[in-house]
Amino acid sequence: MEEIKNKAQYCLHCKVKPCSLKGCPLGNNIPDFIEQIKNNNYAKAYEILCQTTVLPGVCGRICPHQKQCQGSCVRGIKGEPVAIGDLEAFVFDKAMEEGENLLKYWEEEIEKNKKIRGNKKVAVIGGGPSGLTAAAFLAKAGIEVIIYEKYNELGGLLRYGIPEFRLEKSIVKETIKNILELGIKVEYQKELGKNLSLEELKEKYDAIFLGFGANCSSKMGVEGEELEGVFGGNELLEYNLHPDYKGKKVAIVGGGNVAMDCARTVKRLGAEEVKVIYRRAREQMPAEDKEIEEAINEGVEFLFQNNIVKIIGNKEEKVTEVELIKTELVQKEGETRLVPVNIEKSNYKIDIDYIIMALGANPASYVKELALELNRWGNIEINENYQTSDKKIYAGGDLAGVKGTVAWASYSGREAAKKIIENI
Ligand code: SF4
């Protein structure tokens with residue numbers, strides 16, 4: 001507790017609050033919630049966070065704080081920034097411990113709003129960060145909300161994509177319980193393209209919010225990618241389909257958080273060697289520095305500025321080697337970041353048993369059959385109101401290609417909910 005108090009005391013309660021206004025995607029009122037920790041008023045700190053977020057326990061743990069709130073903290077100019085993530089996680093944990101809940105702070109508003117919009121119904125497809133947030137803010141506006149979820153449990157990426165060592169399932173469970181207490185109903189094992197259709201939903205609801213994510217690993221397009229032993233990182237994490245890694249050499253291709261989650265998971269599952277192959281330098285890695293540091297401490301090796309030329313297999317079509325080439329980073333006209341260029345004749349091979357591709361993800365293929373316009377990356381196209389090409393259908397999160405962090409997905413769910421409320 002003393003440590004938390006010291007972390008809170010370190011905050012200057014800046015009037016301009018760049019941490020909130022520039023750094024936090026959700027615009028959480030960071031100086032004020034921290035001020036309440038200083039005053040020992042943890043319930044009030046939680047109440048302040050609840051004005052803008054329904055995921056404080058999650059974001060406090062897994063947001064890339066260095067690139068978001070803490071990256072804009074005034075304290076960080078000359079030294080260490082305030083540990084905003086730790087303080088947010090603390091407030092959520094304390095609130096749960098003391099029996100606080102979202103409903104307590106929102107109930108009056110919900111009852112008042114039900115008199116205005118109690119006859120309105122919205123369907124939310126997908127119970128991940130954007131769907132849960134949209135559902136919560138729609139319920140707050142007095143609207144009847146039903147979430148359609150393909151699994152038996154809600155959480156999406158939070159439950160099925162992020163490993164336990166980074167986000168405990170108990171936190172996800174508490175978060176979901178808190179949200180469902182707002183009166184949101186759920187229909188489990190319902191999936192578009194299988195046992196759910198947009199046409200039937202459009203007849204029953206005033207609006208539909210699509211937030212079922214994008215979790216199909218992108219392909220690199222190199223020779224040998226179809227060999228046995230080559231996996232998509234997103235699918236491995238989502239379906240937990242790991243082979244036996246004991247004594248094996250595993251390469252992870254990519255530099256984002258999915259690559260870090262895969263590398264650290266594989267290491268924990270007993271792989272002898274885990275190498276992350278990334279074509280740029282460490283400074284350009286999209287993964288949070290903390291994640292990279294922890295992976296290094298856990299024994300993961302990094303091959304920075306290396307690119308894959310081809311994956312090589314044996315007679316049984318099983319991967320055995322990978323050919324790499326070194327890269328140099330050059331500034332090219334019109335490019336905002338350094339471009340990796342292969343260095344001629346720097347090819348070499350390494351032995352490998354499994355390769356995990358973690359280069360980004362796309363929406364499931366059935367999205368193409370929804371008769372909604374897609375953008376050039378295959379995400380659902382939305383306008384500034386989060387509306388798709390069908391004005392009754394809204395979308396957010398990874399599915400709509402919003403910036404890929406949980407806080408941004410949550411922000412898109414909250415803002416889409418506001419637009420739905422305005423329009424129905
Ligand atoms: Fe506190 Fe840093 Fe935000 Fe200032 S910028 S209010 S010091 S967290």
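Bear in mind that the values here come from a model prediction, so they are computed numbers and not experimental data. (Residues numbered from 1 in each chain as written. Predicted model: local features only at pLDDT ≥ 70, side-chain atom pairs only at ≥ 80, totals over all residues. Heavy atoms only, no water.)

Things to note about the overall build of the protein chain
Next up, step 1: Counting its regular elements, the protein chain contains 15 helices and 16 strands.
Next up, step 2: The C-alpha atoms of the protein chain give a radius of gyration of 23 Å, which matches the 22 Å a tight globule of 424 residues would have.
Next up, step 3: Reported as C-alpha extents along the three principal axes, the dimensions of the protein chain are approximately 70 × 55 × 45 Å.
Next up, step 4: Every one of the 424 residues in the protein chain was classed for burial, and the buried ones make up 54%. (Helix = DSSP H or I, 4+ residues; strand = E, 2+ residues; numbered from the N terminus. Rg over C-alpha atoms; globule rule 2.2 N^0.38 Å. Buried < 20%, exposed > 50% of the residue type's maximum accessible area, 1.4 Å probe, protein only.)

Remarks on the pattern of salt bridges
Next up, step 1: Under the definition given, this model contains 31 salt bridges.
Next up, step 2: Note that R414 is salt-bridged to E415, the shortest N-O span being 3.0 Å. Neither residue differs from the other here; R414 and E415 are each classed as buried.
Next up, step 3: It is possible to trace a salt-bridge network through shared partners that takes in R166, D261, R264, R268, E291, E294 and E298. (Salt bridge = Lys/Arg side-chain N within 4 Å of Asp/Glu carboxyl O.)

Points about the site of the ligand
Next up, step 1: Around the ligand, the structure places C11, L12, H13, C14, P18, C19, P31, C73, V74, R75, V82 and I84.
Next up, step 2: Its residues assigned to classes, the shell around the ligand comprises ten nonpolar, one polar and one charged. (Near = heavy atom within 4 Å. Nonpolar A, V, L, I, M, F, W, Y, C, P; charged D, E, K, R; others polar.)

Side note on the nonpolar core
Next up, step 1: Of all hydrophobic cores here, the largest spans 68 residues; its most connected members are F33, I34, I37, W106 and L138.
Next up, step 2: Taken domain by domain, the makeup of this core includes at least three residues from each of domain 1 (2-97) and domain 2 (107-214 + 363-423).
Next up, step 3: Aside from chain neighbours lying at most four places away, what touches L138 is V122, V124, I143, V145, A417, I420 and I421.
Next up, step 4: Counting 23 residues, the second-largest nonpolar core is a separate cluster that includes L237, Y245, A259 and Y278. (Core = buried A, V, L, I, M, F, W, Y, C linked by side-chain atoms within 4.5 Å. Domains from an automatic or database assignment. Contact = heavy atoms within 4.5 Å.)

So, the side chain of Q70
Next up, step 1: Relative to the assigned elements, Q70 resides in the loop between α5 (56-62) and α6 (84-97).
Next up, step 2: You can call Q70 buried: its relative accessible area is 11%.

Some words on the packing of aromatic side chains
Next up, step 1: Applying the stated criterion to the full structure yields ten aromatic pairs.
Next up, step 2: Where Y42 meets F90, the ring centres are 5.3 Å apart and the plane angle is 85 degrees; that geometry is what we call edge-to-face. With a gap of 48 residues between them, Y42 in helix α4 (residues 42-50) and F90 in helix α6 connect regions that are remote in the sequence. Considered together, Y42 and F90 belong to a single accessibility category, that of buried residues.
Next up, step 3: Through a chain of ring-to-ring contacts, three or more aromatic side chains come together here, namely F231, Y245 and Y354.
Next up, step 4: Taking the ring centre of Y205 as reference, the NZ or CZ of K121 above it sits at 5.4 Å.
Next up, step 5: One Lys or Arg, K318, reaches over the ring of Y354 and ends 4.7 Å from the middle of that ring. (Phe/Tyr/Trp six-rings, centres within 6.5 Å; stacked < 30°, edge-to-face > 60°. Lys NZ or Arg CZ within 6 Å of the ring centre and 35° of its normal.)

Let's talk about the pairing of strand β11 (residues 319-330)
Next up, step 1: One ladder, built from seven bridges, connects strand β10 (residues 306-313) with β11; its direction is antiparallel. Counterpart to K310 in the pairing with β11 is E323.
Next up, step 2: Pairing geometry for β11 and strand β13 (residues 348-351), over four bridges, is antiparallel. Bridge pairing links V322 to I350 in β13. (Pairing = 2+ DSSP bridges.)

A closer look at a nonpolar patch on the surface
Next up, step 1: Taken together, L12, V74 and I77 make up a surface patch of nonpolar side chains, about 290 Å² in accessible area.
Next up, step 2: Secondary-structure assignment places I77 in the loop between α5 and α6. (Patch = residues over 30% accessible without salt bridge, like charges linked within 9 Å, V, L, I, M, F, W, Y side chains within 5 Å. Areas by Shrake-Rupley, 256 points an atom, 1.4 Å probe, with all protein chains shown as cover.)

Let's talk about the sheet that holds strand β8 (residues 273-278)
Next up, step 1: Read from one edge to the other, the open sheet built from five strands follows the order β6-β14-β7-β8-β9, with strand pairing classed as parallel. Looking at strand neighbours, the two that pair on one side only are β6 (230-232) and β9 (301-304), the edges of this open sheet. On average, each strand axis in the sheet is inclined to that of its neighbour by 20 degrees, with strand direction left out of account.
Next up, step 2: In the sheet, β6 pairs with strand β14 (residues 354-357) via three bridges, with the strands oriented parallel. Of the residues in β14, the one forming a bridge with G232 is M357. (Axes fitted to C-alpha atoms, helices over the stretch in contact; angles between N-to-C directions.)

Re the domain arrangement of the protein chain
When the parts come together, some accessible area is lost, and that loss is often what is quoted as the size of the interface.
Next up, step 1: By the assigned domains, the protein chain splits into domain 1 (2-97), domain 2 (107-214 + 363-423) and domain 3 (217-360).
Next up, step 2: Taking only C-alpha atoms into account, the centre of domain 2 sits 32 Å from that of domain 3.
Next up, step 3: Opposite the eight residues of domain 2 that make contact, domain 3 presents nine residues.
Next up, step 4: Here domain 2 meets domain 3 over a buried area of about 740 Å², counting both sides, of which 45% is carbon and sulfur. (Buried area = accessible area lost by both parts, 1.4 Å probe.)

So, helix α10 (residues 169-180)
Count 3.6 residues to each turn of an α-helix, and residues three or four apart come out pointing the same way.
Next up, step 1: Taking 1.5 Å of rise per residue, twelve residues should cover 16 Å, and α10 covers 16 Å from first to last C-alpha, within 8% of that figure.
Next up, step 2: For α10, the complete set of buried residues consists of I171, V172, T175, I176, N178 and I179. One side of α10 holds all its buried residues, which, seen down the axis, span an arc of 160 degrees.
Next up, step 3: For α10, the elements touching its buried residues are α4, α5, α6, α7 (102-117), α8 (129-140) and α9 (157-160). (Expected span 1.5 Å × (residues − 1). Arc of directions from axis to C-beta.)

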